[in-house]
Amino acid sequence: MILLELAAQGIRGAVSASGRATFRPGYVVVPAGGDAFCATISALLWGDAADGDALRATAGQPVRAGATMTTPDRTLYRLVTDFAAEAQLQRYDAAARTFSPVAAGRPAVQEWIRTQTGLPSRDAFEDMLCLCAARLPSRVASQARSSAPPPPKPGPEPERTRARIAELREDLRRSRAVEELQHHVDGLHSRLSGMDDVLGEGARLRSELESADRRLQEQDAFATAADELGDLDARFASFDRATARRDEAFARITEERASLERDSAPAPAIWHLPQLWAGIAAGVAALSVGVASTGALRYVALLDVPAFGWSAWAALRWVGRVEAGERATRRTRVVDERERKALDQWNNDAGPVQRAMAAAGVTEVPALREALEALAVAREARRSAADAMAGWQERPEAQQAQHDHAQVESELEQANAKLSELASEFVRDAGTLEAEIARLEGELAAEEQPRRRSAAANASGEPVSDLARRAAEQIGAGDELTLGRVEARASEILAVIAGRRLEGLWADPAGAVVVQPAGGRVAFTQLPLEARDLCWTAMKLALVEHALATGSTFAVVDAALDPLPLVARRVAAHILKRAAKPGQVLHATADAVFREAADHAA
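So, here is what we can say about the structure in this document. (Residues numbered from 1 in each chain as written. Predicted model: local features only at pLDDT ≥ 70, side-chain atom pairs only at ≥ 80, totals over all residues. Heavy atoms only, no water.)

## So, the nonpolar core
Then, in step 1: Judged by nonpolar contacts, the single largest core of 92 residues is most densely connected at F23, Y27, F37, I41, L45, F554 and V556.
Then, in step 2: Broken down by element, the residue count for this core peaks at twelve residues, all from helix α17 (residues 529–549).
Then, in step 3: F23 has contacts with L3, L4, E5, L6, V28, V30, F37, Q584, L586 and A602, leaving out every residue within four places of it along the chain.
Then, in step 4: Counting residues in hydrophobic clusters, the runner-up holds 20 residues, among them F236, A356, L372 and L375. (Core = buried A, V, L, I, M, F, W, Y, C linked by side-chain atoms within 4.5 Å. Buried < 20%, exposed > 50% of the residue type's maximum accessible area, 1.4 Å probe, protein only. Helix = DSSP H or I, 4+ residues; strand = E, 2+ residues; numbered from the N terminus. Contact = heavy atoms within 4.5 Å.)

## Topic: the sheet that holds strand β1 (residues 2–9)
Then, in step 1: Strand order in the open sheet made by the six strands is β2-β1-β4-β5-β6-β7, with antiparallel pairing throughout. Edge positions in the sheet fall to β2 (20–22) and β7 (98–104), since each of these pairs with one other strand and no more. Ignoring strand direction, the axes of neighbouring strands in this sheet form an average angle of 20°.
Then, in step 2: Across seven bridges, strand β4 (residues 64–70) lies against strand β5 (residues 76–82) in antiparallel orientation. Paired with R64 across the strands is D82, a residue of β5. (Pairing = 2+ DSSP bridges. Axes fitted to C-alpha atoms, helices over the stretch in contact; angles between N-to-C directions.)

## A short note on the packing of aromatic side chains
Then, in step 1: On inspection of all chains with the given rule, the structure shows six aromatic pairs.
Then, in step 2: Residues W310 and W313 carry aromatic rings whose centres are separated by 5.0 Å and whose planes lie at 35° to one another, so their mutual orientation is tilted. With W310 and W313 both in helix α10 (residues 304–360) and three residues apart, the pair spans about one turn of that helix.
Then, in step 3: Overall, the relative accessible area of 39% leaves W313 in the partly exposed class.
Then, in step 4: Cluster of aromatic residues (ring-pair linked, three or more members): W46, F125 and F554.
Then, in step 5: Cation over ring: R78 sits above F99, and NZ or CZ is 4.0 Å from the ring centre.
Then, in step 6: Against the face of W346 rests R246, its NZ or CZ located 4.2 Å from the ring centre. (Phe/Tyr/Trp six-rings, centres within 6.5 Å; stacked < 30°, edge-to-face > 60°. Lys NZ or Arg CZ within 6 Å of the ring centre and 35° of its normal.)

## Topic: the pattern of salt bridges
Then, in step 1: Counted according to the given criterion, the structure contains 24 salt bridges.
Then, in step 2: The salt bridge involving E248 is made with R252; its shortest N-O contact spans 3.2 Å. Residue E248 and its partner R252 are located together in helix α8 (residues 232–263), separated by four residues, close to a single helical turn.
Then, in step 3: Judged by relative accessible area, which is 48%, E248 ranks as partly exposed.
Then, in step 4: The closest approach of N and O atoms between D344 and R340, which form a salt bridge, is 2.9 Å. (Salt bridge = Lys/Arg side-chain N within 4 Å of Asp/Glu carboxyl O.)

## Examining empty space enclosed by the protein
Then, in step 1: A full pass over the atoms with the stated rule returns one cavity of 30 Å³ or more.
Then, in step 2: Surrounding the largest cavity, A43, L44, L45, G47, L79, T81, A87, R106, V109 and Q110 form its lining.
Then, in step 3: Contributions of two or more residues to the lining of the largest cavity are made by α1 (36–46), β5 and α3 (106–117).
Then, in step 4: When grouped by side-chain class, the residues that make up the lining of the largest cavity number six nonpolar, three polar and one charged. (1 Å grid on protein atoms, 1.4 Å probe; cavity = no way out; pocket = protein on both sides within 12 Å on 5 of 7 lines; lining within 4 Å. Points joined across faces, edges and corners; volume = space filled by probe spheres on them. Nonpolar A, V, L, I, M, F, W, Y, C, P; charged D, E, K, R; others polar.)

## Describing the packing of α17 against helix α18 (residues 566–579)
Then, in step 1: It is at 9 Å that the axes of α17 and α18 come closest, and there the two elements cross at 15°. Here α17 lies roughly parallel to α18, going by the angle between them. For α17 against α18, the interelement crossing comes out left-handed. Contact with α17, carried on its side by L541, E545 and L548, involves A572, I575, L576, R578 and A579 of α18 and no other residues of that element.
Then, in step 2: Class assignment of the residues belonging to the contact of α17 with α18 gives a composition of six nonpolar, no polar and two charged. (Parallel < 35°, antiparallel > 145°, perpendicular 65-115°, else oblique. Left-handed = near helix turned anticlockwise from the far one by under 90°.)

## Things to note about the side chain of T71
Then, in step 1: Locating T71 in the fold gives a position in the loop between β4 and β5.
Then, in step 2: Residue classification places T71 among the buried positions, given a relative accessible area of 8%.
Then, in step 3: With near-sequence residues (within four places) excluded, T71 lies in contact with Y77 and T117.

## Considering the sheet that holds strand β3 (residues 26–30)
Then, in step 1: Strand order across the open sheet formed by five strands is β8-β12-β13-β3-β14, with parallel pairing between neighbours. Each of the sheet's edge strands pairs with one partner strand only, and the pair in question is β8 (130–131) and β14 (600–601).
Then, in step 2: Taken together, the two bridges between β8 and strand β12 (residues 554–557) define a ladder with parallel strand orientation. By the bridge assignment, C130 is partnered in β12 with V556.
Then, in step 3: Packed on one face of the sheet, α1 meets β3, β8, β12 and β13 (584–588) and runs near 140° to β12.
Then, in step 4: Sitting on the sheet, α18 touches β3, β12 and β13, and the angle it makes with β3 is about 130°.

## Section: α18
Then, in step 1: Over its 14 residues, α18 extends 20 Å from the first C-alpha to the last, a length consistent with the 20 Å expected when each residue adds 1.5 Å.
Then, in step 2: For α18, the set of buried residues is A568, R569, A572, A573, I575, L576 and A579. Buried residues of α18 fall within an arc of 165° about the axis and therefore sit on the same side. Among the exposed residues of α18, those pointing more than 90 degrees away from its buried face are V567, R570 and H574. (Expected span 1.5 Å × (residues − 1). Arc of directions from axis to C-beta.)

## Some points on a negative patch on the surface
Then, in step 1: Taken together, the side chains of D196, D197, E409 and E413 present a region of like negative charge at the surface.
Then, in step 2: Of note, D196 is situated in helix α6 (residues 158–218). (Patch = residues over 30% accessible without salt bridge, like charges linked within 9 Å, V, L, I, M, F, W, Y side chains within 5 Å. Areas by Shrake-Rupley, 256 points an atom, 1.4 Å probe, with all protein chains shown as cover. Lys, Arg positive; Asp, Glu negative; His and termini not counted. Charge placed at Lys NZ, Arg CZ, Asp CG, Glu CD.)

## What about the pairing of β5?
Then, in step 1: Linkage of β4 to β5, two consecutive antiparallel strands, is achieved through a turn of five residues, within which R74 is found at a positive phi near 65°.
Then, in step 2: Note: β5 against strand β6 (residues 87–93), five bridges, orientation antiparallel. Across the sheet, the residue bridging to L79 is L89, located in β6.
Then, in step 3: From the end of β5 to the start of β6, which pair antiparallel, there are four residues.

As structure tokens, then:
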């Protein structure tokens, strides 16, 4: 497990002034000082209410902490703890891009982390992977001399606490039942909302299709006439040619009619011809004078010949006019027939276009073209609406919504009625109930089995001996080879960080730790406190190096290394950087030596 982020509220000196730090794999230096860094991580992952009280004693305000971590399978988790209330573990859902809870309550969270991530126990972590200044032999001796630990606070009677826990568990069961039913109701609401959206889309498509059908029905007569046109370009070209032929024929007919009107003037009755009667009268008069006269006047009778000739000429002209009128009448009938045939031909050629214009209510071809384009748009709109409606009906979610909508409505009504029945009384939040149960269980455990970790850690009076003993328990008492390697590595580190003043570190057959200074072997208890701190630090560095090399993923270090000499600090920084390669070392220090050697700075 790798820590990616640590946040602390109400804990002085835990991370930095901002209260938040981000980490990476490798050797990471955190700009923080004091002992709160290791204590915060230990309390966050394994702690209980007592750890919150210890942290609160230095902060004087509510204490909260949170961490973001990733497991070897690259799953992201977030742990949030309010030491006065509850703890919650959340897992990141990449699909939904949000964190969802997987465990709540400190016991459940700690059990889940232990089983799912392989995190060691708190004692194993603090012995093998935690190098904290609070456990230096000099610090432990000083604290032991200063004061004894205060007596534990009296808690409520165990039986009353158990009864209260049982009541809370019953409330928790009912709260979870309400939550599950509410979750089911929310799911039904979500399903019904989705169905309403799908059915609403179908109603909209159906309305659009009906509207398109109505628009086409309004143009049904025009659509029938338009379908008779066929190829519009060819039909309009034929219409233009037919119209041109008609107009040309009508122009010729008009000219012929004008000519015929001039030739077909009606001839007057023959007895209305003055020339005829004038000639007859002159001829009769001349003939009468010639017959009645003697002598030279008899020759006047000869004038009747030209007079009667004039009358004959006038009669012949009248006959010509009559014949011309008859010819004009026959020609008029021919022109009329030609006009009728030209009109019939034009009606035959331009009939579909004429009917389409009549159906559209227009009188010109451009207007008819616009009407045809509008008809095409209406037909395309109807086709698109029909295709959309057919596609919607074929969609599985639409078929499912039509089939299940009434059933889901009925199920939702029943679930709401059941929810109203269950929630008729006040129901507390499940998280609050879990936090209270965890608090009471912690108090009960504190009453029945007090913690003795501090006393056990220093039972023999030799911190290095106790550390070696606990390390042997973690590594395996029978693995003498590994224990020998750790002991040899601790001796190497001790020789370097002590400037060759101390050259060896091992346990004698009786279990006591023996140190070899320059002058000879000396028991650990006979060394000054500064030398004891160096031995303890060397053993811790060797254990951290071994633990990270054999499968553990992260270790924490605070200001325990800051008092070392410059050369020793550089050596320690090199050891921690090399040890962090397979995992992560988080080092809370303000020392520039370690910051310069680190892979990353938080």
